[in-house]
Structures are given as structure tokens and as C-alpha cells.
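Each chain, letter by letter, is given below.
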Amino acid sequence: MEQEVRELMVEQLKDTFSAEKQALRCMQKAVRKASTPALRDGIQMHIEQTQVQIERVEQIMESLKIRPGRKVCEAMRGLVEEAQHEIEEHEKGPVLDLVIVAGMQRIEHYEIAAYGTNIAIARALGEQEAVGLLSETLEEEKQTDLKLTEVTEQHIMAAALEGEGGGEKASSGLQNRSKAS
């Protein structure tokens, strides 16, 4: 049974490696579309952090003599495709920034779940170095998720609700709500 669990860990690490690389490419595109400075800065910071996270996963795989191979994380592919599709549907402004945050938080939540599973498996197999590196990344992913919520609440939401640069749809939606009150 332990061999099966070890094989599962190998597959999960390959999946995580693929997921991080896909998320990195998505963030590199999203940062160019974001208009709120705090969001752009946060994405840029997480891009740099993700590059280190990829290096950590590579370090773990190297120590366990695992090659990443060509495995593609299909879940991340779907999350990235959905985020990119939604981004294309909006013009630059606070509503697009909300769309970017929504896509990024879905990605972060997937990564949080993946790292939590990876840590549990590595711990069960006595792979303490992997547990330490994965735990460090898990904490960073949780912090990024919290930061995205904070940026939304402090810098984006009010502008999106006011329709500031968000196009006619945001303004007319507010007017319709006001008339209904």
C-alpha cells in the first residue's frame, strides 16, 4: 500500500508543477490587463513568488528523483481557460479587475487544496523536507488569497459599483437598483 501512496505523491507533485506553471502564465497575462495599481502590484508580487514556488516543487521532485514529464493539470487548465475567457469579455477598468480577482482566487483555492493534500501525503510518507517546502508554499497561497480579498474590498469594489471606468452596464445596474428601492 505504501508504494501506491508514494506513486500518488509523485502524480500529485507532477500535477502541482503543471498547475503552478499554468497559473504563472495566466498571471503574466492578467497583470497587463489590471488597472488598479494595488492589484497590479499584488499580481506582480505573486508572479515572483510563484517562480520560487515552482523552484520548490522542482527541488522536491529532484530530491525524490522524480521527473516532471509532460503531465498537464487539467483542473488548472480549466480554471485558466475560464479566467482568460471572462477577462476577454470585459473592458479595462474596475469590473475587469473584479473578474481578474475572481479568476485568481479560484486558482488560489485550487492550489491551497492541492498543497494541503501534498503535505498530508508527504507527512504520511515521512518526507519531512517536502512537508517543509510544501507548507511554506501553502502559507503563501493562503496569504495571496487574503490579499486579493483585501485589495478587492479596499481598492476595487467601490469603483466597480460606481461604474467608474466600468462601462455603461455597471452604471445602469446601479440606476436600476436605485429605482427599485
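Please refer to the structure placed before this passage.
No experiment lies behind these values; they were computed from the predicted model shown.

1. Focus: the overall build of the protein
Then, in step 1: Of the regular secondary structure elements, the protein holds six helices and zero strands.
Then, in step 2: Listing the helices and strands of the protein from first to last along the sequence gives α-α-α-α-α-α.
Then, in step 3: Along the three orthogonal principal directions, the C-alpha set of the protein runs to about 65 × 30 × 25 Å.
Then, in step 4: Within the protein, residue pairs in contact and separated by at least 24 positions form 78% of the contacts whose partners lie at least 6 positions apart.
Then, in step 5: Total accessible area on the protein is roughly 10,100 Å²; 51% of this is exposed by carbon and sulfur atoms.
Then, in step 6: Positive and negative side-chain charges of the protein, numbering 22 and 33 respectively, have mean locations separated by a distance of 4 Å.

2. Things to note about the environment of V101
Then, in step 1: When you line up the elements, V101 lands in helix α4 (residues 94–124).
Then, in step 2: Residue classification places V101 among the buried residues on the basis of a relative accessible area of 4%.
Then, in step 3: For the pair V101 and L39, spaced 62 residues apart in sequence, the C-alpha to C-alpha distance is 8.3 Å.
Then, in step 4: When residues no more than four places from it in sequence are discounted, the contact partners of V101 are L39, L148, T152 and I156.

3. Overview of empty space enclosed by the protein
Then, in step 1: Across all of its chains, the model carries four cavities of 30 Å³ or more by this definition.
Then, in step 2: Lining the largest cavity are L39, G42, I43, M45, H46, M104, T144, K147, L148 and V151.
Then, in step 3: Those elements that place two or more of their residues in the lining of the largest cavity are α2 (37–63) and α5 (128–162).
Then, in step 4: Here the element with the most residues in the lining of the largest cavity is α2; it accounts for five residues.
Then, in step 5: In terms of residue class, the lining of the largest cavity is built from six nonpolar, three polar and one charged.

4. Considering the side chain of Q22
Then, in step 1: Tracing the chain through its elements places Q22 in helix α1 (residues 2–33).
Then, in step 2: We classify Q22 as buried; its relative accessible area is 9%.

5. As for the environment of H155
Then, in step 1: By the secondary structure assignment, H155 is in helix α5.
Then, in step 2: The spatial distance from the C-alpha of H155 to the C-alpha of P94 is 8.9 Å, given a sequence separation of 61 residues.
Then, in step 3: Those residues in contact with H155 that sit more than four places away from it in its chain are T36 and A38.

6. Focus: the pattern of salt bridges
Then, in step 1: Inspection of the entire model under this criterion finds eight salt bridges.
Then, in step 2: Here E127 and R6 are joined by a salt bridge, their closest N and O atoms 2.9 Å apart. Of this pair, E127 sits in the loop between α4 and α5 while R6 sits in helix α1, placing them 121 residues apart in sequence.
Then, in step 3: Because the salt bridges share partners, they merge into one network encompassing E2, R6 and E127.

Conventions adopted
Residues numbered from 1 in each chain as written. Predicted model: local features only at pLDDT ≥ 70, side-chain atom pairs only at ≥ 80, totals over all residues. Heavy atoms only, no water. Helix = DSSP H or I, 4+ residues; strand = E, 2+ residues; numbered from the N terminus. Contact = heavy atoms within 4.5 Å. Areas by Shrake-Rupley, 256 points an atom, 1.4 Å probe, with all protein chains shown as cover. Lys, Arg positive; Asp, Glu negative; His and termini not counted. Charge placed at Lys NZ, Arg CZ, Asp CG, Glu CD. Buried < 20%, exposed > 50% of the residue type's maximum accessible area, 1.4 Å probe, protein only. 1 Å grid on protein atoms, 1.4 Å probe; cavity = no way out; pocket = protein on both sides within 12 Å on 5 of 7 lines; lining within 4 Å. Points joined across faces, edges and corners; volume = space filled by probe spheres on them. Nonpolar A, V, L, I, M, F, W, Y, C, P; charged D, E, K, R; others polar. Salt bridge = Lys/Arg side-chain N within 4 Å of Asp/Glu carboxyl O.

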